[in-house]
Structures are given as structure tokens and as C-alpha cells.
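Fold and contact review
Spelled out from the first residue to the last, the chains are:
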Amino acid sequence: MKIYTETQGAGPPLLFIGGSSWDLRFDRVAFDWAPRARVTAFDQRGLGQTGVPAKEWRMADYVADALRVMEGCARFDLVGYSFGSMVAQHLAAKAPERINRLALIAAGPGGPLGSYPLHALADLPVLERVRKIIAIQDVRKEGCVDAAEVARMAANLERKAAVAPKGGAARLLAVRAGHDARHLLPSIQAPTWVIGGLHDGQAPRRIVEALADAIPGARLMLMPGGHTFVVDADGPLQALARLWDIG
């Protein structure tokens, strides 16, 4: 399977794993926040310019894809956002000898402490689905979602869908729905930062706190914003860059 990958910058290697709809043709926030690191990002299977294998997918396949992307690096920092954070949890437990530092942004440990079940919205009409997603991602917007924001997100989703691998997103969401790393988290050895948004309804505070509690020595950071705070000009990535001294 071809995996579409990009690397930018110079310095210690860092792998960034994005969310459940991320496509590097459109989603570029993985880059530019850590100028003193060599940041690698890739389109996960089912998304963007990466292939779509015919066989059934499991979380283990997403972990294997990430390790394949970084096969030339003995050790690296790992940052996962949303679905990427779920993958990163499994990766850090499977290959502890490869991970220097770990940051898990906007996700929980899974099972009964999982993120909002986005697959349950997949069959809704686009505008209705988008309105619900916006209100879930930032609970302050519940009941007052701006029509212009709905139009922008709907256009963005349709633009991605037009060039996405057929059936890939649904298969990814099925893997996301089965995420459960609770039994693996105590084995994570890397210094870990768990970061959540105070107004995030997709990965609410209680599951972010549960994730931090389950990982030995994890540091918890709760920041202003909803689920999309990762794109803020001074959001979790910039805070992480300062903490890791790679900004």
C-alpha cells in the first residue's frame, strides 16, 4: 500500500498523526509549529492520497502504517490529534523503545471513555451533520451555530470527499468506533503530555482526564477552546513546542 508522507524541517524527528478526516492537501497544521524539529505527517489509510487496501482494517494496521512511515528513525517524538491520538496510544504501547516523548491531544482511552461516536452521524444530510458536529466540537455553540460556519465546513467536507478514496472514511470511522486502549496505557513508558480543550464535546474533559490518569506520570493540560483548538494560533501545538523546546 502506498502511504502519502511529507517531512519538513530539521532537528529531532517527530511524527504527527492527524484526525479522522485529515488530508495533507488541505490540512497543514502539522507543519510550521515546531521549526526546530523534523516533522513528518502522512495521510492515514482511507484518507487523502494514501491507498485503500481491500482487506479488513484494524487499529493494528494504523499502528503498522505509522511505524512504516518512521522506519528510518530509531527513535522519535510522537504527537497524535483526535483519531491520531487514538492511534498514538496503541503505537506508544506497542513500540515503547521507539518513542522519546508523547503528546496525546483531544481524545480519550476508548471503550466507555471514548470520543463522540462520529460514525453515528454519517448518514445524516450534510448540513444537519455539520451543524451537529460544530455544536459537539465546541459546546459553547450548542443552539447557536452560525450559518456561515456551517456553510464553510460543509464546503470543506465536500471538497475532501470529492477527492477521497472511495469508502475509506467509513472504514476509518469503524476502526475509530472500536478504539479501546485502556488495557495498554499503563505500559506506556515515554514522558507523556495529555492535552484537552475545556469546551470540547467530542473529547470532553472527563475522558481526557481519564486518559491522563491511566498513563504513568502523564502531565495533563486543559486549555481554552473546543475540539478544533489545534488550529488556533496559540493552541496546544504551540504550547507543546515551548514545553519541548522545539518552537
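Another point: the pattern of salt bridges. Taken as a whole and judged by the stated rule, the model has 12 salt bridges. Here Asp 180 makes a salt bridge to Arg 182, at a shortest N to O gap of 2.7 Å. Residue classification places Arg 182 among the partly exposed residues on the basis of a relative accessible area of 38%.

The subject of this paragraph is the environment of Ile 17. Examined against the element boundaries, Ile 17 turns out to sit in strand β2 (residues 13–17). Put simply, Ile 17 and Leu 104 are 87 residues apart on the chain and 9.9 Å apart in space, counted from C-alpha to C-alpha. Residues contacting Ile 17, with those up to four places away along its chain left out, are Phe 42, Gln 44, Ala 66, Leu 78, Val 79, Gly 80, Tyr 81, Gly 84, Val 87 and Leu 91.

Here the focus is helix α3 (residues 126–137). Along its 12 residues, α3 runs 16 Å from first to last C-alpha, staying within 8% of the 16 Å computed at 1.5 Å per residue. Among all positions of α3, only Val 130, Ile 133, Ile 134, Ala 135, Ile 136 and Gln 137 are buried. Where the residues of α3 are buried, they touch α4 (147–163).

For the rest of this paragraph, the subject is the confidence of the model for the protein chain. Confidence along the protein chain averages 97 in pLDDT terms, with 100% of residues attaining 70 or more. Within the protein chain, the lowest mean pLDDT, 94, falls on α4, and the highest, 99, falls on strand β5 (residues 99–105).

With their axes 9 Å apart at the nearest point, helix α1 (residues 59–69) and helix α2 (residues 83–94) run at an angle of 80° to one another. On the basis of their axis angle, the class for α1 and α2 is roughly perpendicular. From α1, Met 59, Tyr 62, Val 63, Ala 66 and Leu 67 reach across to α2, where they touch Phe 83, Met 86, Val 87, His 90, Leu 91 and Lys 94. A per-class count over the contact of α1 with α2 returns nine nonpolar, one polar and one charged.

Our focus in this paragraph is the side chain of Arg 98. With respect to the helices and strands, Arg 98 occurs in the loop between α2 and β5. Within the buried set, Arg 98 has no salt-bridge partner at all; the shortest N-O distance to an opposite charge, 5.6 Å, is to Glu 97.

Turning our attention to the pairing of strand β4 (residues 76–81). Within β4, six of the six residues are buried, leaving the element largely enclosed by the surrounding structure. Residue alternation in β4 divides its side chains into two sets, Phe 76, Leu 78 and Gly 80 and Asp 77, Val 79 and Tyr 81, and both sets are buried. Pairing analysis gives four bridges linking β2 to β4, with the strands arranged parallel. Paired with Leu 14 across the two strands is Asp 77, which belongs to β4. Relative to β5, β4 runs parallel, the two sharing five bridges. Residue pairing in the sheet places Phe 76 in a bridge with Ile 99 of β5. What joins β4 to β5 is α2, and the crossover it makes is right-handed.

Positive phi values are uncommon outside glycine, yet Asp 32 reaches one of about 80°. Within the element layout of this structure, Asp 32 appears in the loop between β2 and β3 (38–42). For Ser 82, which is not a glycine, the phi torsion comes out positive at approximately 55°. Mapped onto the secondary structure, Ser 82 falls in the loop between β4 and α2.

Rules behind the numbers
Residues numbered from 1 in each chain as written. Predicted model: local features only at pLDDT ≥ 70, side-chain atom pairs only at ≥ 80, totals over all residues. Heavy atoms only, no water. Salt bridge = Lys/Arg side-chain N within 4 Å of Asp/Glu carboxyl O. Buried < 20%, exposed > 50% of the residue type's maximum accessible area, 1.4 Å probe, protein only. Helix = DSSP H or I, 4+ residues; strand = E, 2+ residues; numbered from the N terminus. Contact = heavy atoms within 4.5 Å. Expected span 1.5 Å × (residues − 1). pLDDT = per-residue confidence, 0-100. Axes fitted to C-alpha atoms, helices over the stretch in contact; angles between N-to-C directions. Parallel < 35°, antiparallel > 145°, perpendicular 65-115°, else oblique. Nonpolar A, V, L, I, M, F, W, Y, C, P; charged D, E, K, R; others polar. Lys, Arg positive; Asp, Glu negative; His and termini not counted. Pairing = 2+ DSSP bridges. Right-handed = clockwise from strand over helix to strand, strands pointing away.

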